[in-house]
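# Breakdown of the fold
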Amino acid sequence: MSVSRPVVVMQLPEEFNAETSQAFCKEIEPLLEAHRPRIVLDCSLVRSIDGAGVEMLLHCLEEAMKRDGDLKLCCLSAQSEVVLELLRVDRVFEIFASAEEGVRSFNALPVDVIPQDAPWYSAVFGELGVLKQAS
Amino acid sequence: MLGAIVLVTGGSEDPRQAFTAAESGASSIGTTDRPHELPMACIEVLGSSILARMTSEFRRIGVDEVSLLIDEMFSSRRDEIEQSVPELAPVWTSDVSRAVAQTLAAYKESGIETCILTLASVYAEFDLSDTLQFHRAHQQPVTRVLDGKGLLDFWVVKVDGISEVADIFASLQGLQASSYIVSGYVRRLEHLRDLRCLVVDSLTSRCRMRPQGFEVRPGVWLAEGAQVHRRARIVAPAFLGSATKIEEQCLITRCSNVESNSQVDFGTVVEDSSVLSNSYIGMGLDLTHSVVDGSRLLNLRRDVTLEIKDPGLIGPNKSSGMDANSRSLLSFGMDSISARRERRSFNSETESTYSLL
């Protein structure tokens, strides 16, 4: 039996800069301190993001990963994407078009859908697994 | 005698709009319809503005008098516009049409018979001498220049025919005109994207426009005073304008141009991008498919314009002038060969940080 922890979706503020990111940090801190935090940051309201804002996102990602969790972004505007590209962090984050997609991505391969009695290589290698079994 | 009038006007209130639209059926092109912006033709591209290139071409073919008329809507950028064409004293006017008529009247008095009238909204490569010959041969009061896409905002007019009329554009419309078709390179300057295309075409030799500087390596152009850190890489084709500064671990490549007095800071990659004059690009950035003008960034791939408020990322360049550790092209001599020779000796010096490549 597997128990999946909830995925938390948080909204980023309109202006995500040095000032607002501090307040945001206080809000998200308790979530990041949990075991294996699973967070999706909804950026649909974000109108401007600066270097300090991106720093804060990286800090949050780092904290989440330290605890074996992840932090993903969704609903980025073209402007925000350009800023992330400019700062070379667009490849660091997983970015999704909607919050639903972001949440779903955490459960992309749920443990309970894989039959527990099947040998590991049949799931991974498919046909090869069948051949090995036959031999 | 021959004269030329170059107009820099806005888009939306441009009096010639009716004329252009009526003749070509196409939407007209303004130099810009945003008064706070610098007109496209005044923006430095590969070391020199289109306006400066245009006027020097007029001088080259023997135009006796060149007048530059600028719409007062651009008065907030007066210094930059005047710096873009230092050899001309522009006339600022709120009524462009009347100013043209007055200039033509003055030309008539000084004995000028033929006048080139152009809006600085297009970069076109064609034989002006041939156009003038065509105009004389056809004996029409107006010769309009066009290409396959329509009018090029370029006319040759007989000064006698239209100098008395106040509304010059209406009178041009009313007069009989012959059409001179251009088959050479034409780039209409409607958007910063067009300037970027012009840079790419120039650096890849698709047009005749040459960067203002020295080709220190095949495809790598440097203007006087450009400083490149010895651990920076410039991969052709690329252009660095005068007094630019490229810091350590930077990479400038894929037809990128960094215009005068700009700085690219440590570790930044500039790829397929234009950095307009007096801009600062901060440390560790990836600038791709973009045009930067001070704190404004236009991403051409996403068609998004950003106003960057963080001066540590992108902004106007506040530091200009030579670094104590730097050496410039100026100190190397004025031709690329001597620059290359000097470079060899320069690279052997261990105490200096900046070199030509």
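Structure shown above.
To keep things clear, this report deals only with the structure shown in the data block.

What counts, and at which threshold
Residues numbered from 1 in each chain as written. Chains lettered and ligands numbered in written order. Predicted model: local features only at pLDDT ≥ 70, side-chain atom pairs only at ≥ 80, totals over all residues. Helix = DSSP H or I, 4+ residues; strand = E, 2+ residues; numbered from the N terminus. Buried ≥ 20, exposed ≤ 12 C-beta atoms within 10 Å, placed from the backbone. Contact = placed C-beta atoms within 7 Å. Pairing = 2+ DSSP bridges. Nonpolar A, V, L, I, M, F, W, Y, C, P; charged D, E, K, R; others polar.

A few words now on the overall build of chain B. In terms of helices and strands, chain B carries 10 helices and 29 strands. In chain B, which comprises 357 residues, the proportion classed as buried is 47%. In chain B, the proportion of contacts linking residues at least 24 apart, taken out of those at least 6 apart, comes to 52%.

Residue and element names in this part refer to chain B. Reading across the sheet, the four strands line up as S15-S18-S21-S24 and stay open at both edges, with parallel pairing between neighbours. The open sheet has two edge strands with one neighbour each: strand S15 (233-234) and strand S24 (286-288). As paired elements, strand S18 (residues 251-253) and strand S21 (residues 269-271) share three bridges and run parallel to each other. Paired with leucine 251 across the two strands is valine 269, which belongs to S21.

With that settled, consider the environment of valine 264 of chain B. All names here are of chain B. In this structure, valine 264 sits in strand S20 (residues 263-264). In sequence terms valine 264 and lysine 149 are 115 residues apart; their C-alpha atoms lie 38 Å from each other. Aside from chain neighbours lying at most four places away, what touches valine 264 is Ile246, Glu247, Cys250, Ile252, Val258, Val270, Val275 and Ile281.

In this complex, chain B contributes 12 residues to the contact, which on the side of chain A involves 10 residues. Looking at the side of chain B that touches chain A, the elements that each hand over two or more residues are S24 and strand S27 (304-307) of chain B. The class makeup of the residues in the side of chain B that touches chain A is five nonpolar, three polar and four charged.

On to the pairing of strand S1 (residues 2-8) of chain B, then. Residues and elements named next belong to chain B. With respect to burial, S1 is a largely interior element, seven of its seven residues being buried. Residues of S1 alternate between two faces, with Leu2, Ala4, Val6 and Val8 on one and Gly3, Ile5 and Leu7 on the opposite face, all of them buried. Bridging between S1 and strand S6 (residues 114-119) involves six bridges; their strand directions are parallel. Of the residues in S6, the one forming a bridge with leucine 7 is leucine 119. Here S1 pairs with strand S4 (residues 65-71) via six bridges, running parallel. Looking across to S4, one finds that valine 6 is bridged to leucine 68.

The next thing to look at is the environment of asparagine 257 of chain B. Along the chain, the position of asparagine 257 of chain B falls in strand S19 (residues 256-258). Each C-alpha atom, one on asparagine 257 of chain B and one on aspartate 201 of chain B, is 12 Å from the other, the two residues being 56 residues apart in sequence.

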